[in-house]
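Descriptive analysis of the structure
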Amino acid sequence: MDDVQARIEQLRKEINYHLYRYHTLDDPVISDYEYDRLFAELKRLEAEHPDLITPDSPTRRVGAEPLSDFEKVTHPVPMTSLANAFDDDDMRDWLKRIEKLLPEGTTIAEVEFVVEPKIDGLAVALTYENGVFVQGATRGNGIVGENVTANLRTVRNIPLRIPVDPHAEISAPARIEVRGEVYISIKDFEELNRRQAESGGKLYANPRNTAAGSLRQLDSSITARRPLAFFGYQIGYVAGLEIRTQWEALQTMRALGFPVNPDVHRARTLDEALTFIHQWMERRAELPYEADGAVVKVNDFDLQQHLGIVGNAPRWAIAWKFPAQEVTTKLLAIKTKVGRTGQITPYAELEPVNIGGVTVRNTSLHNFEDIARKDLREGDTVVVKRAGDVIPQVVKPILDLRPPDSRPYQPPTHCPVCGAPLFFPADEVAVFCVNTACPAQLVRRVEYFVSRTAMDIEGFGIKNAELFVREGFIHDIADVYYLDREKLLALEGFKEKKVDNLFEGIEASKRQPMHRVLTALGIRFVGAEVAKLLADRFGALDAIAAADAETLEAIDGVGPRIAASVTDWFSRPEHRRILEKLRAAGLQFSAEKTAESAGEKPLAGLTFVITGTLPVPRSEAKKRIEGAGGKVTGSVTGKTNYLLVGENPGGSKFTKAEKLGTPRIGWDELEKLIGD
Ligand code: IVH
């Protein structure tokens, strides 16, 4: 046991260190593959020794049991807010107010400042006792916040233990409260929305609200699936370390392993601070996160103390707010495009306009209901808002500027590409072209099939998808693997080399793991994330195709909508034909053959319970499962991954599995999972 405990602790230390290298320093020292191995080992050891699981284990970053409500937390030191400045004059006024209050013998020339980006997320306070993360709270009203510890544990770059780096020259203080902002980077936000769009889900409005909503989930496993990140900007209090300035506080947080914004700056004078803010605002569009301003803080803690607080904002700090990124422009036309599921989405063609350094020409209008609600009309002058690099939004029309002859927008009744009548599902805002032969849909499906999220075929892309569909080379997604070399060579601009490269890319994609094949099928609501869940759970495409809705829904993260969509897709003969063509082309149909899990045994980490009479003796079945890295236990619990069912299955195991929603498989399916 001691050996196991030591190994577990060692693994946790290493994993935490690699998480820090990856998420905080952006400088990993091992490959994802090696990391996954360490993580899998820790997960296995903890599964075998549940009594050794501790809340600071990195495996807990996947979320804990849902809560019925958040506990309230009274902040030992209130979390104040900030006064705002809207231009440089406001800043100079602030300086004058400070000057009047300086202690005797101190002149304003001696006052130093720290400038920090003001990230648009939400403030949290993280408490560490003897280096262990014990509590995380939201700001709430500044006096009382909510205990969101379980959720904050899932944020990848929040250290669960400090110092994170075993070679750090600093040791953990007895008690420290680090404050900072939880946010979602623009890249992660866009990726999140891309995945939402892909799986037909609702788009998130902006990173800030999404971060706030994610952090206030009672079920932390939902938080774990959102790309939250943290930047520390303040030490609420600390026992066991002497820190005299804000600049030192930032360095200390960094040394302990907290992510600290690299764009912080120390300024000798207010003018220097302002110059920095202006330069930095110029680069606003390039920032990887959404910032709504900059915070200027008096550096010296004694001086901060002396200046004190007025109302609920300190006198020693001020927020310089960026002007809102809203502009007006002309809505030239409302157009539509056909997606791969046949969904028709409207978009706005705008008179090109510059917002925060980026020229915007067109932008999504989400859905027809939204257009009706805002009463957007072609020819309107509209307010367009853009925050950071996030997709610009048409906020509203300016009614005073509306042309007198304008008419309300009429949504289409027929597909703009194939002319088929559109379908308006009763319980959705989405509108569909349900003609499976619609060429626009096929192009999109092929485009998605070859895209980076799916089969990732280099050099294919939308242009070729359009061309090959138009030329009649492609009638379904599987035809990507049945292209005729000679026919391609006959096309204009298709030289030997180009065709060779394309075929090389197509050939290479055959080695893509099964979850990508599943993603690439383009089943509604099954994006990359759900595909991974299904692949993990079933191990084989055929097992997914054979699963009924109930079995699918038993998977955490799969609801009735997804389950219905999956069973519907696989039930269609035309889809079955596509699958057989893909299989014949040599694509990966089972998960264990993927490059990602190569070297790992097919049943690694899976627990089985056997019931009923199998075609082989039990002992033999057990040997097969264990040989493939799985485990066999005597009774069904929440940890059981599969109930292996033979003839005349025993009542109690069967009912228990039924109750827990444990997937059932037969001997044949097991053999497929093992795959030899
Ligand atoms: S300092 C007195 N620093 O802005 C200290 N706040 O309106 C109060 N914020 O609730 C906070 N970046 O959510 C500080 N570098 C930064 C910040 C920052 C973002 C947010 C924070 C706070 C709000 C104040």
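Residues numbered from 1 in each chain as written. Predicted model: local features only at pLDDT ≥ 70, side-chain atom pairs only at ≥ 80, totals over all residues. Heavy atoms only, no water.

What follows is about the site of the ligand. Residues in close proximity to the ligand total 15 residues, the closest being T80, E116, E181, Y233 and K297. A distance of 2.7 Å is found between a nitrogen atom of the ligand and a side-chain nitrogen or oxygen belonging to E116. P117 places a polar main-chain atom, nitrogen or oxygen, 3.4 Å from a nitrogen atom of the ligand. At the level of secondary structure, the elements contributing two or more residues to the shell around the ligand comprise strand 3 (113–119), strand 8 (229–239) and strand 10 (291–298). Per-element tally for the shell around the ligand: the top contributor is strand 3, with four residues. Its residues assigned to classes, the shell around the ligand comprises eight nonpolar, two polar and five charged. (Near = heavy atom within 4 Å. Polar contact = N/O pair within 3.5 Å; in protein donor to acceptor, adjacent residues only side chain to side chain. Helix = DSSP H or I, 4+ residues; strand = E, 2+ residues; numbered from the N terminus. Nonpolar A, V, L, I, M, F, W, Y, C, P; charged D, E, K, R; others polar.)

This brings us to the sheet that holds strand 18 (residues 393–397). On the basis of which strands lie adjacent, the open sheet formed by five strands has the order 16-15-14-17-18 and antiparallel pairing. The outermost strands of the open sheet, each flanked by one partner alone, are strand 16 (358–364) and strand 18. Between one strand axis and the next, the sheet turns by 45° as a mean value, whatever way the strands run. As paired strands, strand 17 (residues 381–385) and strand 18 are joined by four bridges and run antiparallel to one another. Looking at strand 18, one finds that V382 is bridged to P397. (Pairing = 2+ DSSP bridges. Axes fitted to C-alpha atoms, helices over the stretch in contact; angles between N-to-C directions.)

According to the stated counting rule, one finds 17 aromatic pairs in the structure shown. Between Y183 and Y289 the ring centres are 6.3 Å apart and the planes differ by 80°, which places this aromatic pair in the edge-to-face class. Linking Y183 in strand 7 (residues 175–183) with Y289 in the loop between helix 9 (270–282) and strand 10, this pair joins segments that are 106 residues apart in sequence. Accessibility expressed as a relative area gives 3% for Y289, which makes it buried. With a centroid separation of 5.1 Å and 75° between ring planes, the pair formed by W569 and F570 is classed as edge-to-face. Look at W569 and you get buried, because its relative accessible area is 8%. (Phe/Tyr/Trp six-rings, centres within 6.5 Å; stacked < 30°, edge-to-face > 60°. Buried < 20%, exposed > 50% of the residue type's maximum accessible area, 1.4 Å probe, protein only.)

By size, the foremost hydrophobic cluster in this structure holds 60 residues, and its most contacted members are F460, F468 and L534. Of all the secondary-structure elements, those providing two or more residues to this core are helix 12 (439–450), helix 13 (461–470), helix 15 (496–509), helix 16 (514–520), helix 17 (528–538), helix 18 (541–546), helix 20 (560–571) and helix 21 (573–585). Residues in contact with F460, not counting those within four places in the same chain, are V446, V450, A465, F468, I474, V480, L483, L502 and I506. (Core = buried A, V, L, I, M, F, W, Y, C linked by side-chain atoms within 4.5 Å. Contact = heavy atoms within 4.5 Å.)

Under the definition given, this model contains 37 salt bridges. For R583, the salt bridge goes to D542, with nearest N and O atoms at 2.9 Å. Placement of the pair is R583 in helix 21 and D542 in helix 18, with a sequence separation of 41 residues. Using a relative accessible area of 26% as the deciding quantity, one classes D542 as partly exposed. Residue E580 is joined to R583 by a salt bridge in which the shortest nitrogen-to-oxygen separation is 2.9 Å. With E580 and R583 both in helix 21 and three residues apart, this pair spans about one turn of that helix. With a relative accessible area of 41%, E580 lands in the partly exposed category. By relative accessible area, which is 32% here, R583 ends up partly exposed. Salt bridges linked by common partners bring D375, R377, D380 and R402 together as one network. (Salt bridge = Lys/Arg side-chain N within 4 Å of Asp/Glu carboxyl O.)

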